[in-house]
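A structural walkthrough
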Amino acid sequence: VVHAASQGCRRSMEDESFSSGEFFLKGKERPGPWSFHAVFDGHGGGSCSSHLKAHLYKELFRELKTCRMVEEALRRSFRKIDRKLCNQSEFSGSTAITCLIHHPTREIWVGCDY
């Protein structure tokens, strides 16, 4: 996986990207391997995109272990992170595009939030 970013004329980089290594979900119908990739396009500062980079994958991993449907795990992860970000005092935002891959079946789930 290769990442590239351009700061352009902004004073600081507001964007982030994330790629997990392969991971497994023990005891699940589709144990894996899986991988997760995301691009976060920050707006008004980098704190939101940095928070997403640090926490969205962890939240998704927890949800994948408990949800039956991958789509529901993605929805719940985005909602939980959205709620946490809305309670922060610093104002910034980010769009997110994510890709969750189940390697054995080559199934791909794409999630986005803007």
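Described below are features of the structure shown in this document. (Residues numbered from 1 in each chain as written. Predicted model: local features only at pLDDT ≥ 70, side-chain atom pairs only at ≥ 80, totals over all residues. Heavy atoms only, no water.)

Mapping G44 onto the fold places it in the loop between β2 (34-43) and α1 (47-66). Each C-alpha atom, one on G44 and one on F91, is 7.1 Å from the other, the two residues being 47 residues apart in sequence. Once residues within four sequence positions are removed from consideration, G44 is found in contact with E14, F91 and S92. (Helix = DSSP H or I, 4+ residues; strand = E, 2+ residues; numbered from the N terminus. Contact = heavy atoms within 4.5 Å.)

Right, let's talk about the pattern of salt bridges for a bit. One pass over the structure, following the stated rule, counts eight salt bridges. Residue E59 pairs with R62 through a salt bridge whose shortest N-O separation is 2.9 Å. Within this pair, E59 and its partner R62 are both found in helix α1, separated by three residues, close to a single helical turn. Classification of R62 as partly exposed rests on a relative accessible area of 43%. Of the charged contacts, one joins K84 and E59 as a salt bridge, the two residues approaching to 3.4 Å between their closest N and O atoms. (Salt bridge = Lys/Arg side-chain N within 4 Å of Asp/Glu carboxyl O. Buried < 20%, exposed > 50% of the residue type's maximum accessible area, 1.4 Å probe, protein only.)

A separate point is unusual backbone geometry. Between G32 and P33 the backbone carries a cis peptide bond, its omega angle lying at 15 degrees. Topologically, P33 is positioned in the loop between β1 (16-19) and β2. Of note in this structure, R106 is not a glycine but carries a positive phi near 60 degrees. By secondary structure assignment, the location of R106 is in the loop between β3 (93-102) and β4 (107-113).

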